[in-house]
Amino acid sequence: MAGPLAATAEPAKERGRCTRRPRSAWLGWLFALPAVVVYLTFVIRPLLLTVQYSFYDWNGIGAAKWIGLDNYVRLFTDSELSATILHAFELILFFSFVPVLLGLAVAATIRQIAQSRLALVARTVLFLPQVIPLVAAGIMWTWLLSTTGLINQLLSAIGLGSLTRAWLGDFGTALPAVGVIGAWVQIGLCTLLLLAGMSKIDNSLYEAARLDGAGPFREFRSITLPGLRQEIGVCVTVTVISALASFDIIYVSTQGGPGNATMVPGLEIYYLAFAEREVGMASALAVALTVLVLLCVLPIQRLTRDGTR
């Protein structure tokens, strides 16, 4: 008797599990439903509308006129619009490569003095720009780089008065000056991320390298850099996105000037949409910027993932 009863009890248990699993899955989706609705409403829907608007000539108020790919053709044939994209790529050198390279050097130095108070002070000072609002940072650097600012005063004090200029108002130095501001903002984040990555590297690797006669440079090249592949990938990804999507620092410090010397896609989208009332052209530039960010970021993520296998 025990055998048949046990045999009939097992299928009953299985049926109970099958009925509970779908019910629990639906409950999980119900809990996630508010977040999904918000995401669809405020992210996916505006994104799809932007793509739709990019095929129209529309001033944001009146009737929209279908023009197909004309906005995209203008984007790649208008020298002023294409120049904004080139400016964004130039800013990558300052926003990304400079902070990552300096962050590696600073993080390696701080790691050597990790037990001292100077290391704590250095980490705090370097991370301070991340706490300061970007608008405040832009205003502060505008004062520093003005004709009578601290930078020019220091140059005059050390006998280099011939180099003084309005750094943010000169066509040749405005974009590099903005890049310096961006590098100053990003270096603290890169340094702390790289320091965190260095802390997970096994110290026995360094000890073995020293026993083999390796110097500091060889240790850095053979142990530190390979161990920081993921962290470097994160730093490059974050800073490249920051360079391509830059807006607030440039708007506060130069507003795209002098002329269009510091005009970048984010600022151009703002002017096209809200000043010139060309919503369709602004949408096309926004779509192109999104695609550009993906084309730059996805290979970085792929290289990082391949390096961790």
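Overview of the structure. These figures come from a predicted structure and were not determined experimentally.

How each quantity is defined
- Residues numbered from 1 in each chain as written.
- Predicted model: local features only at pLDDT ≥ 70, side-chain atom pairs only at ≥ 80, totals over all residues.
- Heavy atoms only, no water.
- Helix = DSSP H or I, 4+ residues; strand = E, 2+ residues; numbered from the N terminus.
- Rg over C-alpha atoms; globule rule 2.2 N^0.38 Å.
- Buried < 20%, exposed > 50% of the residue type's maximum accessible area, 1.4 Å probe, protein only.
- Contact = heavy atoms within 4.5 Å.
- Areas by Shrake-Rupley, 256 points an atom, 1.4 Å probe, with all protein chains shown as cover.
- Lys, Arg positive; Asp, Glu negative; His and termini not counted.
- Charge placed at Lys NZ, Arg CZ, Asp CG, Glu CD.
- Axes fitted to C-alpha atoms, helices over the stretch in contact; angles between N-to-C directions.
- Parallel < 35°, antiparallel > 145°, perpendicular 65-115°, else oblique.
- Left-handed = near helix turned anticlockwise from the far one by under 90°.
- Nonpolar A, V, L, I, M, F, W, Y, C, P; charged D, E, K, R; others polar.
- Core = buried A, V, L, I, M, F, W, Y, C linked by side-chain atoms within 4.5 Å.
- Phe/Tyr/Trp six-rings, centres within 6.5 Å; stacked < 30°, edge-to-face > 60°.

### So, the overall build of the protein chain
Next up, step 1: Within the protein chain one finds 13 helices and two strands.
Next up, step 2: Computed over the C-alpha atoms, the radius of gyration of the protein chain is 27 Å, more than 25% above the 19 Å expected from 2.2 N^0.38 for a compact globule of 309 residues.
Next up, step 3: Along the longest, intermediate and shortest principal axes, the C-alpha atoms of the protein chain span 105 × 75 × 30 Å.
Next up, step 4: The buried share among the 309 residues of the protein chain stands at 34%.
Next up, step 5: The contacts in the protein chain between residues at least 6 apart in sequence include a share of 66% that link residues at least 24 apart.
Next up, step 6: Accessible surface, the protein chain: about 18,400 Å² in total, of which carbon and sulfur atoms supply 68%.
Next up, step 7: Both charge centroids of the protein chain, one from 22 positive and one from 18 negative side chains, sit 14 Å from each other.

### Here's the deal with the environment of L303
Next up, step 1: On the secondary structure map, L303 appears in helix α13 (residues 279-307).
Next up, step 2: Linking L303 and G233, residues 70 residues apart in sequence, is a C-alpha distance of 8.1 Å.

### What about the packing of helix α7 (residues 174-199) against helix α10 (residues 229-244)?
Next up, step 1: In the contact formed by α7 and α10, the axes pass within 9 Å of each other and the chain directions differ by 165°. Regarding the angle of α7 to α10, the classification is roughly antiparallel. For the element pair α7 and α10, the recorded crossing hand is right-handed. Touching Q186, L189, C190, L193, L194 and G197 of α7 are E231, I232, V234, C235, V238, T239 and S242, all from α10.
Next up, step 2: Of the residues in the contact of α7 with α10, the class split is eight nonpolar, four polar and one charged.

### Here we look at the nonpolar core
Next up, step 1: One finds L91, V100, L145, L194, I232, V240 and L244 to be the most contacted residues of the largest nonpolar core, which totals 55 residues.
Next up, step 2: Looking at this core, the elements with two or more residues in it are α2 (70-77), α3 (79-112), α7, α10, α11 (248-253), α12 (265-274) and α13.
Next up, step 3: When residues in this core are grouped by element, the largest group, twelve residues, is from α13.
Next up, step 4: Apart from residues no more than four positions distant in its own chain, L145 is found in contact with I151, R165, A166, W167, L168, A177 and I181.

### Brief notes about the packing of aromatic side chains
Next up, step 1: Under the defined criterion, the tally for this structure stands at ten aromatic pairs.
Next up, step 2: Look at F55 and W66: their rings are 5.7 Å apart centre to centre, the planes differ by 25°, and that puts the pair in the stacked class. With F55 in the loop between α1 (2-53) and β1 (56-57) and W66 in strand β2 (residues 65-66), this pair connects stretches of sequence that are eleven residues apart.
Next up, step 3: A residue is classified by how much of its surface remains accessible, and F55, at 22% relative accessible area, is partly exposed.
Next up, step 4: Looking at W66, the relative accessible area reads 55%, which means it is exposed.
Next up, step 5: Here the aromatic rings of Y56 and W66 are separated by 5.4 Å at their centres, their planes lie at 85°, and the arrangement is edge-to-face.

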